[in-house]
Amino acid sequence: MLPFLPFTRPTLDEETIAGVGDVLRSGWITSGPMVRELEAKLSALFAGRPVRVFNSGTATLEIALRLAGIGPGDEVITTPLSWVATSNVILTVGARPVFVDIDPVTRNLDLDAAEAAITSATKAIMPVDLAGLPVDRDRLYQLAEKHRLRVIEDAAQSLGSSWNGRPIGTTGDLVSFSFHPNKNVTSIEGGCLVMTNESEAKLAEQYRLQGVVRSGYDGMDVEVLGGKFNLTDVAARVGIGQLARLDEFTRLRRDLAREYFQQLDRPEIHALGLGLPVADFTQSNWHMFQVILPEISISRAEVMGKLHELGIGTGVHYPAIHLFTLYRGLGWHMGDFPHAEHAGRNILSLPLFPTMTATDVRRVVDALHNVLQA
Ligand SMILES: *Cc1c(COP(=O)(O)O)cnc(C)c1O
């Protein structure tokens, strides 16, 4: 029996593990020099823009909304096909998420639908680069400028992706990343926000830690209500080790995605009627490789169970958010966003992580063939 192949796994090297040991022995383990070093490295990666790190991508998004001044009475346009954090944070700050359907090809927010949903209460648009495939940044910022909206890029999945040769995060308005273990680069938990100027970064620091502003040896004041969102130095050290390998991870993921397309191009696989992702090998970081299962007699849960029996892990990213009980209670219904609902019911993430091999990809595709043809 071959070893179990999970749908993802972090790649942590010995240098990073040793570095974490050094931090633990250093006498300072919460936010300190490692956080500042990680922020400096991220800022260099994002063309010198101000960057601050937080203890999750969710906190990062919430702080982005606060920086944009979004609260009660405001609307934020977003996608129903994302991790539920994307819209939860809009509710957390007291604003109203306004979902629009996805483009069934890219599986990202349909920007025409987004423009049609703009009202006088719309303050921001929050797109997600699902699986790392970037939303059209030209059209996005054209739309934002025309309607004077802030953009909060939920780029949790697109670190290492680019648009027209420009890495995500190097341009644009507020750009939020996550370092959750399933993301391409991890700090165990964590995230970072790229901002537009230093005063936003100062305010983000206040929101990050109880609103506290220090001066001199003993000065302390609190002007705004902050929370507890700081990243530890232990976590930051993991992030530093990971960031050094971002380009390598992206390259390996793209190679594996190419291998998937080759394997899925076999005639007997074609016949299964799987919906494939966009074959983009220059812009996407291939955070995930997701197929849409055909709506046949075998359910997605059964497919996942049978693949599990064959030693292959899969994931669902994601059920459509507006159909969760909380969101139905806020007024959304089945049928509101047919493309997102179809994807939400049938999408399946196949194994993809940097230490996988072409043989592993073949094994996944063979197993999928076995399960679906039966
Ligand atoms: C992972 C993720 C988040 C949240 O990040 P956490 O670090 O888990 O809080 C938000 N949005 C999207 C699209 C994500 O994939």
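Residues numbered from 1 in each chain as written. Predicted model: local features only at pLDDT ≥ 70, side-chain atom pairs only at ≥ 80, totals over all residues. Heavy atoms only, no water.

Undergrad: I tried to follow helix α14 (residues 358-373) on my own but got confused; where do I start?
TA: It helps to recall that an α-helix has 3.6 residues per turn; residues three or four apart then point in one direction. When the terminal C-alpha atoms of α14 are compared, their 22 Å separation across 16 residues agrees well with the 22 Å that a helix rising 1.5 Å per residue should span. Every buried residue of α14 is accounted for by Asp360, Val361, Arg363, Val364, Val365, Ala367, Leu368, His369, Val371 and Leu372. (Helix = DSSP H or I, 4+ residues; strand = E, 2+ residues; numbered from the N terminus. Expected span 1.5 Å × (residues − 1). Buried < 20%, exposed > 50% of the residue type's maximum accessible area, 1.4 Å probe, protein only.)

Undergrad: Looking at this model, I keep getting lost on the pattern of salt bridges. Mind explaining?
TA: Between side chains of opposite charge, a pair can form as their charged atoms come close. Tallied over the full model, the rule gives 22 salt bridges. One salt bridge in this structure joins Arg237 and Glu15, with 2.8 Å as the shortest N-O distance. One end of the pair, Arg237, is in helix α8 (residues 233-243); the other, Glu15, is in helix α1 (residues 14-25), with 222 residues separating them in the sequence. What makes Arg237 buried here is its relative accessible area of 11%. A cluster of three or more residues bridged by salt bridges with shared partners is formed by Asp112, Glu115, Arg139 and Lys146. (Salt bridge = Lys/Arg side-chain N within 4 Å of Asp/Glu carboxyl O.)

Undergrad: Looking at this structure, I do not really get the site of the ligand. What am I missing?
TA: The ligand sits among 17 residues. The nearest are Gly57, Thr58, Asp154, Ser178 and Lys183. For the ligand, an oxygen atom lies 2.7 Å from a polar atom in the side chain of Ser178. The contact in question runs from an oxygen atom of the ligand to an N or O atom on the side chain of Lys183, over 3.2 Å. Protein chains shield 95% of the accessible area of the ligand, which is 380 Å² for the free molecule. A per-element tally of the shell around the ligand places helix α3 (residues 57-67) first, with 3 residues. A per-class count over the shell around the ligand returns 6 nonpolar, 9 polar and 2 charged. (Near = heavy atom within 4 Å. Polar contact = N/O pair within 3.5 Å; in protein donor to acceptor, adjacent residues only side chain to side chain. Areas by Shrake-Rupley, 256 points an atom, 1.4 Å probe, with all protein chains shown as cover. Nonpolar A, V, L, I, M, F, W, Y, C, P; charged D, E, K, R; others polar.)

Undergrad: I would appreciate a short explanation of the packing of aromatic side chains in the present structure.
TA: Aromatic ring pairs: the centre-centre distance and the angle between the two ring planes describe each pair. Using the criterion set out here, one finds 12 aromatic pairs in the structure. Cluster of aromatic residues (ring-pair linked, three or more members): Tyr260, Phe261, Phe281, Trp286 and Phe289. Against the face of Phe54 rests Arg208, its NZ or CZ located 5.7 Å from the ring centre. Over the face of the ring belonging to Phe281 we find Arg258, whose NZ or CZ atom lies 4.8 Å from the ring centre. (Phe/Tyr/Trp six-rings, centres within 6.5 Å; stacked < 30°, edge-to-face > 60°. Lys NZ or Arg CZ within 6 Å of the ring centre and 35° of its normal.)

Undergrad: Explain the sheet that holds strand β1 (residues 51-54) to me, please; I cannot follow it from the model alone.
TA: Note on sheets: strands pair through backbone hydrogen bonds, and any given pair is parallel or antiparallel. The 7 strands lie next to each other as β1-β9-β8-β5-β4-β2-β3, forming an open sheet whose pairing is mixed. Of all strands in the sheet, those with a lone pairing partner are β1 and β3 (96-99), marking the two edges. Put simply, the sheet's adjacent strands are angled 25° from each other on average, direction ignored. In this fold helix α2 (residues 33-45) packs onto β1 and β9 (191-194), with an angle of close to 130° to the strand it touches most, β1. Here helix α4 (residues 85-92) sits on the sheet and contacts β2 (75-78), β3, β4 (122-126) and β5 (150-154); the angle it forms with β3, its principal contact strand, is near 145°. (Pairing = 2+ DSSP bridges. Axes fitted to C-alpha atoms, helices over the stretch in contact; angles between N-to-C directions. Contact = heavy atoms within 4.5 Å.)

Undergrad: Explain the environment of Leu326 here, please?
TA: Structurally, the position occupied by Leu326 is in helix α12 (residues 325-328). Measuring from C-alpha to C-alpha, the distance between Leu326 and Asn88 comes to 9.9 Å, with 238 residues separating the pair along the chain. Setting aside residues up to four positions removed in sequence, Leu326 forms contacts with Asn88 and Leu91.

Undergrad: Could you clarify how one ought to interpret the side chain of Gln290 in this entry?
TA: Tracing the sequence through the fold places Gln290 in strand β12 (residues 289-292). Engagement of the side chain of Gln290 in a polar contact is seen with the side chain of Ser349, the distance being 3.3 Å. Not counting residues up to four positions away in its chain, the partners in contact with Gln290 are Arg107, Leu130, Ala131, Gly275, Leu276, Pro277, His317, Ile347, Leu348 and Ser349.

Function cannot be inferred from these measures alone, as they are strictly geometric.
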